[in-house]
Amino acid sequence: MTATEALLQLTRDGLFCPAGRFWIDPWRPVERAVLTHAHADHARPGSERYLAAAEGELVLRRRLGPEARIEAVPYGAEVDRDGVRVSLHPAGHVLGSAQVRLEHRGQVCVVSGDYKAAADPTCAVFEPVACHHFVTESTFGLPVFRWPETAEVVDELHAWWRGNQEQGKASLLYAYALGKAQRLLASIDPSIGPIWTHGAVENLVEDYRGAGVPLPPTRRVSEAPDGTDWSRALVVAPPSAHATPWMRRFGALSTAFASGWMALRGTRRRRSVDRGFVLSDHADWGALIGAIEQTGAQRVWVTHGYREPLVRWLEEAGLEARAIAARFESEGDDR
Ligand SMILES: [Zn+2]
Ligand SMILES: [Zn+2]
């Protein structure tokens, strides 16, 4: 086994570090897991032990259950696993999201997990980590994906909310319950009107507050008294609540979805919502390329999403690039 193979391999259970005998975001329950973050396609319950970033411990526990054995370490702290030096570094994706840095016999490998470069008031900013071998996500790995400035998107959202108020309509905003919903709540102006949440969003809002992230006051829709006037309200709910009886209580309403997928023509219509806001917790094409260059890595593995275009681009730039499988992949709950 070469020094590189000893550090990281793709196995049928996912990314494995043979020298340290642990998996990163394993696809099945294992003995020792290192987790990049709490989204369902990365954090699966049932493993014996987990290592994860301390900032995300509360949200991770909600995913893994109260009995999960989680060793929570601060960003940058080094942990020894059978001679492999392991440390976690901010990925800027959601609260507690981490890149995993492995060092063994002079070789350094970094597994990005999901990441973004854009500013997010609810989590630590992405930190480039120098390495020989970088494993990058590529959820939005196509040149057509170029995110607008977050401030512009938030302005559009405010205008939509105010416009709905003038027409006496509730504003129902769909956003992934972990990460996107809290980022939106932290970014919007709460003086415009009352903010209500679906239970799936509010549970995680509580975890974020518990971790010290300031968020504006919110109330659970399920606790609204009969006869509540929704016409000035912003309601934040997961996309799964769309077109369910749950949304009938709001009367006249306008619906919107905040997601990177809204950059693709036709997505809003397919989702049958009135408005789309382009806001993603993943890197766009330019940010992917920028992040990879910043690592200085010569070997790059590309996983999740649009892999081949990024692999070709990297090969043309003279790097050794390879697309690797992602066992659990869907439009998921974090885009
Ligand atoms: Zn994610
Ligand atoms: Zn993911």
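Rules used throughout
Residues numbered from 1 in each chain as written. Chains lettered and ligands numbered in written order. Predicted model: local features only at pLDDT ≥ 70, side-chain atom pairs only at ≥ 80, totals over all residues. Heavy atoms only, no water. Helix = DSSP H or I, 4+ residues; strand = E, 2+ residues; numbered from the N terminus. Rg over C-alpha atoms; globule rule 2.2 N^0.38 Å. Buried < 20%, exposed > 50% of the residue type's maximum accessible area, 1.4 Å probe, protein only. Contact = heavy atoms within 4.5 Å. Areas by Shrake-Rupley, 256 points an atom, 1.4 Å probe, with all protein chains shown as cover. Donors = N, O, S within 2.8 Å, 3.2 Å for Na, K, Ca; no water. Core = buried A, V, L, I, M, F, W, Y, C linked by side-chain atoms within 4.5 Å. Domains from an automatic or database assignment. Pairing = 2+ DSSP bridges. Buried area = accessible area lost by both parts, 1.4 Å probe. Salt bridge = Lys/Arg side-chain N within 4 Å of Asp/Glu carboxyl O.

This brings us to the overall build of the protein chain. When its secondary structure is counted, the protein chain shows eight helices and 19 strands. Rg of the C-alpha trace for the protein chain: 21 Å, near the compact-globule value of 20 Å for 335 residues, within the 12% margin. Its C-alpha atoms give the protein chain principal-axis dimensions of roughly 70 × 45 × 30 Å. Within the protein chain, the proportion of its 335 residues that are buried is 57%. The contacts in the protein chain between residues at least 6 apart in sequence include a share of 59% that link residues at least 24 apart. Total accessible area computed for the protein chain in this model is approximately 14000 Å², and 49% of it derives from carbon and sulfur atoms.

Ligation of the zinc ion (ligand 2) by protein atoms is provided by D41 (OD), H42 (NE2) and D114 (OD), these donors lying 2.1 to 2.7 Å from the ion. Ordering the donors of the zinc ion (ligand 2) by residue number gives the pattern D-H-x71-D. Here the zinc ion (ligand 1) and the zinc ion (ligand 2) are spaced 3.6 Å from one another, each receiving a donor from D114. Of this pair, H42 sits in the loop between β4 (32-34) and β5 (49-53) while D114 sits in the loop between β10 (107-111) and β11 (133-138); the two residues are 72 residues apart in sequence, bridging distant segments of the chain. Accessibility assignment for this pair places H42 and D114 in one class, buried.

The biggest cluster of nonpolar side chains holds 42 residues, and the ones touching the most others in it are L35, L60, L64, W160, L173, Y208 and F277. Elements with a contribution of two residues or more to this core: β5, α2 (57-64), α3 (150-166), α4 (180-187), α5 (199-210), β15 (234-237) and β16 (253-258). Structurally, this core is a two-domain feature, drawing no fewer than three residues from each of domain 1 (3-145 + 281-323) and domain 2 (150-277). Excluding residues that lie within four positions of it along the chain, Y208 makes contacts with V59, V94, L95, T122, L178, G179, Q182, V213 and L215.

Here we come to the pairing of strand β9 (residues 98-104). Extensive coverage of β9 is indicated by the burial of seven of its seven residues. Here β9 shows no split at all, with A98, V100, L102 and H104 on one side and Q99, R101 and E103 on the other all buried. Relative to β9, strand β8 (residues 84-90) runs antiparallel, the two sharing six bridges. Pairing of R85 across the sheet is with E103, part of β9. In this structure, the hairpin formed by β9 and β10 is closed by a connection of two residues, where R105 is found at a positive phi of approximately 45°.

Take unusual backbone geometry next. Although it is not a glycine, D82 adopts a positive phi angle of roughly 50°. Along the polypeptide, D82 turns up in the loop between β7 (79-81) and β8. The exposure class assigned to D82 is partly exposed, which follows from its relative accessible area of 40%. Despite not being glycine, H304 shows a phi value in the positive range, around 70°. Relative to the helices and strands, H304 is located in strand β18 (residues 299-305).

Moving on: the domain arrangement of the protein chain. Per the domain assignment, the segments of the protein chain are domain 1 (3-145 + 281-323) and domain 2 (150-277). Look at where the C-alpha atoms of domain 1 and domain 2 centre, and you get two points 30 Å apart. Domain 1 puts 20 residues into the contact, and the matching count from domain 2 is 20 residues. When domain 1 packs against domain 2, the two sides together hide about 1600 Å² of surface, and 67% of this comes from carbon and sulfur. Together, R62, T122 and D281 form the three largest contributors to the area buried by domain 1 at its contact with domain 2, with a combined 31%. At the junction of domain 1 and domain 2, the tally comes to two salt bridges.

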